[in-house]
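Structure assessment
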Amino acid sequence: QAVELRLNELAFDLKGNYLVDDVSKDKIDLYIEGKNLDIKTLLSLLPDKYRQTLNTYSSSGLFYFKTRISGEVGENSKPKISTDFGIQNGKIKEGNSDLNLDKINLKGNYSNGSNRNAASSLLSVQSLSAQLGQGSVSGSFSLSNFENPYLKIVADANLNLSQVKQFFKIDTLEKCSGSLNLDIDFSGNTSHIKHFSADDFAKTKTEGNLTIEKGELKFVGAKQSFENVNASLLFNNNDIVVNECNGKIQDSDFALKGFFRNALAYFFNADEKLFIEASLTSRLVNLNQILADDESSTKNKKAFQLKFSDRINFKLNVDVRSLIFKKFEATNLKGSTSLQDKKLALSPVSFSTMDGTVLANGIIDGSSDLGFKTLCEADLRNITMSKLFYSFENFGGTTLTDKNIKGKASATVQYAEDFSPELVTNTESIVAHIDLSLENGELINFEPTKKLSRFISLSELNDIRFASLKNNIEIKNRKITIPKMEINSSALNLSVSGTHSFDNFVDYHFKVLL
């Protein structure tokens, strides 16, 4: 005789028998089959908190479920369980976007195996396919040994990212578009997948590739968006190989190639580290745009906070044709930069700027959450002084500016400073030693020299020219110290020394040969 069993809105027919034997073990032979099942009633089994998030979705299509339970029943005996289930011609519709997850077909089965326990159990989906708008998904998976689960997934997806965002209502993204193609084959033990280590991933197998074409991505609240992104990634067990990843951030462009080692363990386990070996090329990097704050932020909000991750180590070879940061501009920037243990090293980096060249080595130590410590050594050749002062906003001063000085400078610089995560320099921390050589220099309308107008014609003091000047300048305790130096010009011969504080308190000493 058949018995109808209802589970929420699902109905099942039960047929079979259960034999009670007082001498030997009980026996069961029970057949269960779903009755007029559909996807809508299947979703009714979900807890309320999940059903509420799905209230804008509607569904249709046939869901079938057949299972047989047979064998001896006892303290040491368990019956055999075999189940077939699937979906035929299913459809899930999202009301707000008018998009359908269409033509859903699934075929699978479950068995508790030859030992009739969790260790011998197997859940298998032999085929799964669906269409989302213009895209499609297909694949299969199996999960065996429920005590120490072993998972195998084969998946193939071709999706329109804009339609994915709309259908799944991904509200953290303001923009998401482009086409995604994924082909992946994963197999391995998953008993501790949320805490997978590098050793665990070494025992798994991951193969496949992912490509993105004409992608655009912008997070809600961000001013910057990634545009025209084209990427080709290859999965190689625990590593990801980036064959190509290029795109734009406003006027800036980037092209990245390299290896992301231990990548999967890094994404699944918060204790794992990511190791990157890559090369970055760009025609233009405009940091003023990349680091800009959101337009909706308050005036008191900091524009940007810099923080180094202790989970990421990288070595990056850089080739940038043009770089802009505030008023500073550089071209043909090439070199190697690395990050390890929250310390960023440049070793070395060369570039052209202010009509000259710079070769620099340095380190930025971000191991403290309070701020960053910087050490730098640089060799500057043929730098135009007026552009130097302009690029660095006259070093915060108003007495000697880019309007007051001309000439070509070469120097070796040793420099140290501390700055905050908001890129604000602690001027008390600045220490520098500059071995300076200035050729064909001019002091134009320099106010301190105008005090000599009692002895020399003011017209001659407005523009003091000199052939060469050499000195060792030191910066410490917010004060620039200028040892005695000789300025020999057509107007006068001048010996100058003194100090110039960051607050524009000056103490210059002049010796003038009239």
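Predicted, not measured: the structure shown is a model, and the values here were computed from it.

A few words on the overall build of the protein. Looking only at helices and strands, one finds nine helices and 27 strands in the protein. Relative to a compact globule of 514 residues, whose C-alpha radius of gyration would be 24 Å, the protein shows 35 Å and is clearly more extended. Projected onto its principal axes, the C-alpha positions of the protein cover 130 × 45 × 35 Å. For the protein, with 514 residues in total, the buried portion stands at 38%.

As a further point, take the pattern of salt bridges. By the definition in use, this model includes 14 salt bridges. One salt bridge in this structure joins Arg261 and Asp239, with 3.8 Å as the shortest N-O distance. Of this pair, Arg261 sits in strand β14 (residues 252–261) while Asp239 is found in strand β13 (residues 239–249), placing the two residues 22 residues apart along the sequence. The exposure class of Arg261 is partly exposed, given its relative accessible area of 31%. Among the salt bridges present, the one from Asp369 reaches Lys342, with a minimum N-O distance of 3.6 Å. Taken together, the residues Asp369 in the loop between β20 (356–368) and β21 (371–384) and Lys342 in the loop between β18 (328–340) and β19 (343–353) connect sequence positions 27 residues apart. Residue classification places Asp369 among the exposed positions, given a relative accessible area of 63%.

For the rest of this paragraph, the subject is unusual backbone geometry. The omega torsion of the bond from Ser347 to Pro348 falls at -25°, within 30 degrees of zero and hence cis. In the Ramachandran plot, Lys103 falls in the positive-phi region, its phi being about 50° despite a non-glycine side chain. The topology assignment puts Lys103 in strand β6 (residues 99–111). In this structure, Asn228 is a non-glycine residue whose phi angle is positive, near 50°. Relative to the assigned elements, Asn228 resides in strand β12 (residues 226–236).

Here we come to the nonpolar core. A general trend in soluble globular proteins is that nonpolar side chains are found buried together. With 61 residues, the main nonpolar core has Phe260, Leu333, Phe351, Val358, Met385 and Ile487 as its most contacted residues. If near-sequence neighbours (up to four positions away) are discounted, Met385 is found in contact with Ile405, Lys406, Gly407, Ala409 and Leu438. Counting 25 residues, the second-largest nonpolar core is a separate cluster that includes Phe12, Leu37, Ile39 and Val164.

This next bit is on the packing of aromatic side chains. Between two aromatic rings, the relevant description is the distance of the centres plus the angle of the planes. Applying the stated criterion to the full structure yields eleven aromatic pairs. A ring pair is formed by Phe167 and Phe168, whose centres lie 5.1 Å apart and whose planes are at 85°; its orientation type is edge-to-face. Given the relative accessible area of 3%, Phe167 is considered buried. Judged by centre distance (6.2 Å) and plane angle (50°), the ring pair of Tyr508 and Phe510 falls under tilted. In this structure an aromatic cluster arises from ring pairing among Tyr57, Phe167 and Phe168. The ring of Phe259 is capped by Arg261, whose NZ or CZ atom sits 4.6 Å from the centre of that ring.

In this structure, Val73 sits in strand β4 (residues 57–73). Setting aside residues no more than four positions away along its own chain, Val73 makes contact with Tyr18, Lys25, Asp26, Ile28 and Pro79.

The subject of this paragraph is a nonpolar patch on the surface. Among the surface-exposed residues, Leu43, Leu46 and Leu54 lie close enough to one another that they form a single nonpolar patch of about 190 Å² accessible area. In this fold, Leu46 is placed in the loop between α1 (39–43) and α2 (48–53).

Another aspect to go through is the pairing of β19. Of the strand pairs in this sheet, β18 and β19 are connected by seven bridges, and their pairing is antiparallel. Residue pairing in the sheet places Gly335 in a bridge with Val349 of β19. Between the end of β18 and the start of β19, which pair antiparallel, lie two residues, with Asp341 showing a positive phi angle near 55°. Bridge count between β19 and β20: nine bridges; the pairing is antiparallel. Bridge pairing links Thr353 to Gly356 in β20. Linking β19 back to β20 in an antiparallel pair, the connection comprises two residues, with Met354 at a positive phi of about 50°.

Quick look at the pairing of strand β23 (residues 425–444) now. Sheet topology note: the strand β22 (residues 405–419)/β23 ladder contains 13 bridges and is antiparallel. Looking at β23, one finds that Ile405 is bridged to Leu443. In this structure, the hairpin formed by β22 and β23 is closed by a connection of five residues, where Leu423 is found at a positive phi of approximately 65°. Two strands pair when backbone bridges link them, and β23 and strand β24 (residues 463–476) are joined in this way by twelve bridges, in the antiparallel orientation. When the sheet's bridge partners are listed, Gly441 is paired in β24 with Phe466.

Summarising the element assignment, Ser225 is placed in the loop between β11 (205–219) and β12. Among the polar contacts made by the side chain of Ser225, one reaches the side chain of Glu227 at a distance of 3.1 Å. Non-local contacts of Ser225, meaning those with residues more than four positions away in its chain, are made with Glu216, Leu217, Lys218, Lys248, Ile249 and Gln250.

Looking now at the confidence of the model for the protein. Confidence in the prediction for the protein averages 87 pLDDT; 93% of positions are at 70 or higher. Of all secondary-structure elements in the protein, the lowest mean pLDDT belongs to helix α4 (residues 198–202), at 67, while β14 reaches the highest, 96. A low-confidence stretch, residues 295–302 (pLDDT under 50), is modelled with four contacts involving residues beyond four sequence positions or located in other chains.

Relative to the helices and strands, Ala130 resides in strand β7 (residues 122–132). Assessed through its relative accessible area of 11%, Ala130 is described here as buried. Remark: the alpha-carbon pair of Ala130 and Asp102, spanning 28 residues in sequence, is separated by 5.8 Å. The contacts of Ala130, once residues within four sequence positions are left out, are Leu101, Asp102, Lys103, Ile104, Gly135, Ser136 and Val137.

Analysis parameters
- Residues numbered from 1 in each chain as written.
- Predicted model: local features only at pLDDT ≥ 70, side-chain atom pairs only at ≥ 80, totals over all residues.
- Heavy atoms only, no water.
- Helix = DSSP H or I, 4+ residues; strand = E, 2+ residues; numbered from the N terminus.
- Rg over C-alpha atoms; globule rule 2.2 N^0.38 Å.
- Buried < 20%, exposed > 50% of the residue type's maximum accessible area, 1.4 Å probe, protein only.
- Salt bridge = Lys/Arg side-chain N within 4 Å of Asp/Glu carboxyl O.
- Core = buried A, V, L, I, M, F, W, Y, C linked by side-chain atoms within 4.5 Å.
- Contact = heavy atoms within 4.5 Å.
- Phe/Tyr/Trp six-rings, centres within 6.5 Å; stacked < 30°, edge-to-face > 60°.
- Lys NZ or Arg CZ within 6 Å of the ring centre and 35° of its normal.
- Patch = residues over 30% accessible without salt bridge, like charges linked within 9 Å, V, L, I, M, F, W, Y side chains within 5 Å.
- Areas by Shrake-Rupley, 256 points an atom, 1.4 Å probe, with all protein chains shown as cover.
- Pairing = 2+ DSSP bridges.
- Polar contact = N/O pair within 3.5 Å; in protein donor to acceptor, adjacent residues only side chain to side chain.
- pLDDT = per-residue confidence, 0-100.

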